[in-house]
Structures are given as C-alpha cells and as structure tokens.
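Working through the structure, step by step
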Amino acid sequence: MDISVFGIGYVGVVSASCLSADGHFVVAVDTNQFKVDAINQGISPIVEPEVAELIRAGVDGGKLRATTRADDAIMNSQLTMICVGTPSLANGNLDLKYIIRICEDIGRLLRDKTDFHTVVIRSTMLPGSMNDVVIPLLESCSGKKAGRGFGVAIYPEFLREGSAIRDYYEPGMIVFGVDDAAATEGILREITNRLPGKVHITDLRTAEAIKYTNNAWHATKIVFANEIGMFCGQLGIDSHKVMGIVCSDTRLNISPTYLRPGFAYGGSCLPKDLRALHYKAKSIDLSLPMIEALSLSNELQIRHVVDMVQAAGNRKVGLIGLSFKSNTDDMRESPAVALAEILFGKGYELRIFDRNVSFSKLMGSNLAFIQDRIPHLSGLLTENLEALVAHGDTLVIMHADLGGATFPRLRPDQRVIDVVRLATAAEAGGQYTGLCW
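This section reports on the structure supplied with the text. Keep in mind that this is a model prediction, so the values were computed, not measured.

1. Remarks on the overall build of the protein
Per the secondary structure count, the protein includes 16 helices and 13 strands. C-alpha extents for the protein along the principal axes are approximately 80 × 60 × 40 Å. Split into buried and exposed, the 437 residues of the protein put 46% on the buried side. Expressed as a percentage of contacts within the protein between residues at least 6 apart in sequence, the contacts between residues at least 24 apart total 68%. A total of about 21500 Å² of accessible surface is found on the protein, and carbon and sulfur atoms cover 52% of it. The protein carries 43 positive and 49 negative side-chain charges, and their two centres are separated by 3 Å.

Written out as structure tokens, the structure reads:
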C-alpha cells in the first residue's frame, strides 16, 4: 500500500520505518528540511534502538522516502497518517495548531483527488477532537463528506521511548476509532495484519479516551509505587520485595478486578486501613498525596450520586442495595449507607431494598453502625422489590444481586440511576442513566 506519514517526529519516524519494513511504500512529510534530508540519506532523525537500521533498509530498498511537499504525498498515497505533536498550552489544554494546519492542507488537496483517500490520526487528542476539529476541517476544506468522500479514523499509539519498535510489533492491544467502519476498517486491518495484538474497533471518542486512560493509569502506577517506596523506606522495609509480592497476585492486584467504573468503596477494611496508613505516614513526617487523596475522591463519588438524584427532581427515591457490596450484609462504612443518610437528611421520601439486610437480624458492629448513622432504618427498609420500584420516582441501583427476582417493569416517567449496570433495569424502560457511562 502507498502510505503518507505527516510529521517526522518520534511517532512519525517509528510508524514510517515500521510500515516500510512491512513492505508498504511510505513517504514521510515534514516542513523541517533537515529531517527530510536525514530520512532520504537513510539517517534517523531520532535516537531510538533499531530505528536507524529500519530507515536505512527502507531507503535502500525503495520503500521509504521523505518530502516537504504535502501535494506529492497525498496524490501518491491511499492512506495518510497524521503524527504531529499536540503540545500543552499554558492552561494545560492541548494546542492543536499543527493538527489544524495539516487537516486544512490535506482537505484542500482531497478536493481535487478523485480516488478514495483515508486519513488516520495517530496524534494524541482529547475526546471530541476528531468530531469537533478534524472531521469538520477535512469536510469544509475538501467539500466532501467523511465516510463517502474520504475515510477518517484514529489509531492511538502506545509506544514507549527506548522500546518503540518492540512496542510497535508486540502491541498489548490495537485500537481503531472509526466514524464509518465500512469505509475504513479494511484498510486499517491491512496495515496491522502482521501484528499480534487484539484489535478493538470502537467509536472515535472512545478511542481518544483510551489513550488518555492508558497514560493516566501508567502515571497512577508509577506514583503509587513511589509513595509505597517512600513509606516502606522510612520504616526500613524493602519496598521492592513488598511490591514484588503484591504484583504476584494476578487475581486481585494485577488484573481487571476493581477496574470497572462504579461506585465508592466501603466495608470494614479499605476505609480504616487507608486512614491508618495515612496516620502512620504523618507520624513519620511523610506526605503521600496520592494515597491521602483516595478518601477524598471516594467521598466525591457519593456526592456525585446525590447530585444526580437532586437533578432528577423527584422527592420519592428507591434505593436498591444498602450493604457495602452485593452478596453480603456488612454495612460498616457502606457508601450506600452514607448515600441513604444524606438523602434522608435532605427530606427525600426514601425506601430501601436489600435482600441480605433485615433490620430484625442486625447485630454487633452492623447494628451499632446503623444505629449511629440511620436510626430510622427500620421504617425505610422493605422486603418487597416491586413495592419499592412502585414507590420510587427515582431509583438508585447499588447492587446487581436481586436474589433471583426479576426487575419490575418501569414507568416511562421513572428515572433510574444505575451504579452497577444492572442489565435487567436497562431493558425495563424508564429514563435510564448510568453513573459511569
């Protein structure tokens, strides 16, 4: 395939050299004459293991060349990859001036091109950038509609400096964000058919968000490990041994467990243990900002649901689930209890259903906790799910476990706020809203 790559920076050089190594004819485009000359001389403009060898082989084999002329590149390729930088502005937002400039240039060139052309973005952009910036520019400058006059997609890169070639050829995943799968999926698969990673075809905004989620997760792991390292170091503990053993658990620790968006954590362990860790760190004059922020962020999740209930505008609320998670009656530091306490205190007509919670059977620490937080619980609990659903003009679903019961049919005017993505509720009608959808 004939491919043009706009931007001879880190991502552009790696993409162009690997595509040419895979047998495609690649023309790299940049306004920097030095970079163009370097490529044409078989020299890598970046320092990265294996790239120089791939560039030399591509140039010598006639598979790779570079130019400053956008018209040359567009008219002699079927697919264009945009790999320009998206630097930060002073306020933290992205500066899309290079994306804008190239989309305008490409759009004007596509106006006179009769062959179908596909434009693929590899640059990192915030969710909404494809729909709000890239596609409108390409359409207005070309006079053509995306999907019919040209193809458009985003193909996020997950390359690490120092191991980019390995990351390119051994991807953990391949993500294509497409506006029209029929117009672009085939050509995208053609350029990645030799790569082993699982291919995920999704919409444009989701693909844009995946890139940011990846980077935020990587940063989170680094900061968390470093804070644990500081904590252990202050106590004379080998932090590498601690984290090595923690990471050996691939069922809970290094796994999808706890990584599905939902509601706040609670129970008898996490809240108190984080408080204790925070206290111990303060006692040795150690600041752990990320770990300290976990409790605050957790409280904000509860407040977010309160805001959603208030926005619904209904005074009658049905709460499904009271224990801190499904399949238990443990209500110690349950975020559902905290939610119920706030709603009751604000005067909502609250009813609660939890198949595992019965006021008459409460005892010990569970009873003490409820008597302290919601002494009126006995008047709020119901064992009849249908009665609760009939009562609530707004329903808040905290648990997916209904004890085998079928979720009742909803009225069209009811508002459902679903924390756990209970499928039966989604199918039941009403004004359905997911907490983290």
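2. Brief notes about the pairing of strand 6 (residues 151–154)
Of the two faces of strand 6, both are covered, the one formed by G151 and A153 as well as the one formed by V152 and I154. Sheet topology places strand 5 (residues 118–121) next to strand 6; four bridges connect them, and they run parallel. Bridge pairing links V120 to A153 in strand 6. As a crossover connection, the stretch from strand 5 through helix 6 (residues 129–142) into strand 6 is right-handed.

3. Some points on empty space enclosed by the protein
Tallying each qualifying case throughout the model produces two cavities of 30 Å³ or more. Counted as a void, the largest cavity has a volume near 90 Å³. Lining the largest cavity we find R122, Y155, P156, E157, F158, L159, D167, Y168, P171, M173, I174 and L195. For the lining of the largest cavity, the secondary structure elements donating two or more residues are helix 7 (164–169) and strand 7 (173–178). For the lining of the largest cavity, the per-class residue count stands at nine nonpolar, no polar and three charged. Approximately 40 Å³ is the volume found for the second largest cavity. Along the walls of the second largest cavity sit R122, S123, T124, M125, I154, P156, E157, A207, E208 and K211, which together make up its complete lining. Sort the elements by how many residues they give to the lining of the second largest cavity and helix 9 (residues 204–234) lands first, with three residues. Of the residues contributing to the lining of the second largest cavity, the split by class is four nonpolar, two polar and four charged.

4. Points about the layout of surface pockets
Any empty space left between the atoms is revealed when a probe the size of a water molecule rolls over them. Reported here for the second largest pocket is a volume of approximately 520 Å³. Looking at the second largest pocket, it is lined by 24 residues, and the ones nearest its centre are G7, D30, V84, G85 and I102. Of all elements in the fold, only helix 1 (10–21) and helix 5 (97–111) reach the threshold of two or more residues within the lining of the second largest pocket. Per element, the largest residue contribution to the lining of the second largest pocket is four residues, and it comes from helix 5. Across the lining of the second largest pocket, the residue classes tally to 10 nonpolar, eight polar and six charged.

5. Thoughts on helix 2 (residues 33–40)
Those residues of helix 2 that fall on the buried side of the exposure criterion are V36, A38 and I39. One face of helix 2 carries all of its buried residues, which in axial projection span an arc of 160°. Buried residues along helix 2 sit against helix 3 (51–60) and strand 3 (64–67). Capping of helix 2 at its N-terminal end is provided by N32; its side-chain oxygen lies 2.9 Å from the backbone amide nitrogen of F34.

6. A short note on unusual backbone geometry
If you check the backbone angles, Y258 has positive phi at about 70° while not being a glycine. Positionally, Y258 belongs in the loop between helix 10 (239–247) and helix 11 (270–283). Take Y258: its relative accessible area is 70%, and that puts it in the exposed class. The residue D285 is not glycine, and still its phi comes out positive at about 55°. Here D285 is to be found in the loop between helix 11 and helix 12 (289–312). Overall, D285 belongs to the exposed group, its relative accessible area being 74%.

7. Some thoughts on the environment of P87
Along the chain, the position of P87 falls in the loop between strand 4 (79–82) and helix 5. Other than its neighbours up to four places away in sequence, P87 contacts N93, L94, D95 and Y98.

8. Topic: the side chain of S142
Within the element layout of this structure, S142 appears in helix 6. Reaching out from S142, the side chain makes a polar contact with the backbone nitrogen of K144 at a distance of 3.1 Å. Excluding residues that lie within four positions of it along the chain, S142 makes contacts with G107, L110, R111 and F150.

9. As for helix 8 (residues 181–192)
For helix 8, spanning 12 residues, the distance from its first C-alpha to its last is 15 Å, which sits close to the expected 16 Å at 1.5 Å a residue. Looking at the packing, one finds that the buried side of helix 8 touches strand 1 (2–6), helix 1, strand 4, strand 5, strand 6 and strand 7.

10. Quick look at the pattern of salt bridges
The final tally for this structure, using the stated rule, is 15 salt bridges. Across the pair K211 and E157 runs a salt bridge, and its minimum N-O distance is 3.3 Å. Of this pair, K211 sits in helix 9 while E157 sits in the loop between strand 6 and helix 7, and the two are 54 residues apart along the sequence. Across the pair R166 and E170 runs a salt bridge whose closest N-O atoms are separated by 3.4 Å. Across the pair, exposure class does not vary: R166 and E170 are exposed alike. One continuous salt-bridge network, built from bridges that share partners, spans D393, R411 and D413.

Conventions and cut-offs
- Residues numbered from 1 in each chain as written.
- Predicted model: local features only at pLDDT ≥ 70, side-chain atom pairs only at ≥ 80, totals over all residues.
- Heavy atoms only, no water.
- Helix = DSSP H or I, 4+ residues; strand = E, 2+ residues; numbered from the N terminus.
- Buried < 20%, exposed > 50% of the residue type's maximum accessible area, 1.4 Å probe, protein only.
- Contact = heavy atoms within 4.5 Å.
- Areas by Shrake-Rupley, 256 points an atom, 1.4 Å probe, with all protein chains shown as cover.
- Lys, Arg positive; Asp, Glu negative; His and termini not counted.
- Charge placed at Lys NZ, Arg CZ, Asp CG, Glu CD.
- Pairing = 2+ DSSP bridges.
- Right-handed = clockwise from strand over helix to strand, strands pointing away.
- 1 Å grid on protein atoms, 1.4 Å probe; cavity = no way out; pocket = protein on both sides within 12 Å on 5 of 7 lines; lining within 4 Å.
- Points joined across faces, edges and corners; volume = space filled by probe spheres on them.
- Nonpolar A, V, L, I, M, F, W, Y, C, P; charged D, E, K, R; others polar.
- Arc of directions from axis to C-beta.
- Polar contact = N/O pair within 3.5 Å; in protein donor to acceptor, adjacent residues only side chain to side chain.
- Expected span 1.5 Å × (residues − 1).
- Salt bridge = Lys/Arg side-chain N within 4 Å of Asp/Glu carboxyl O.

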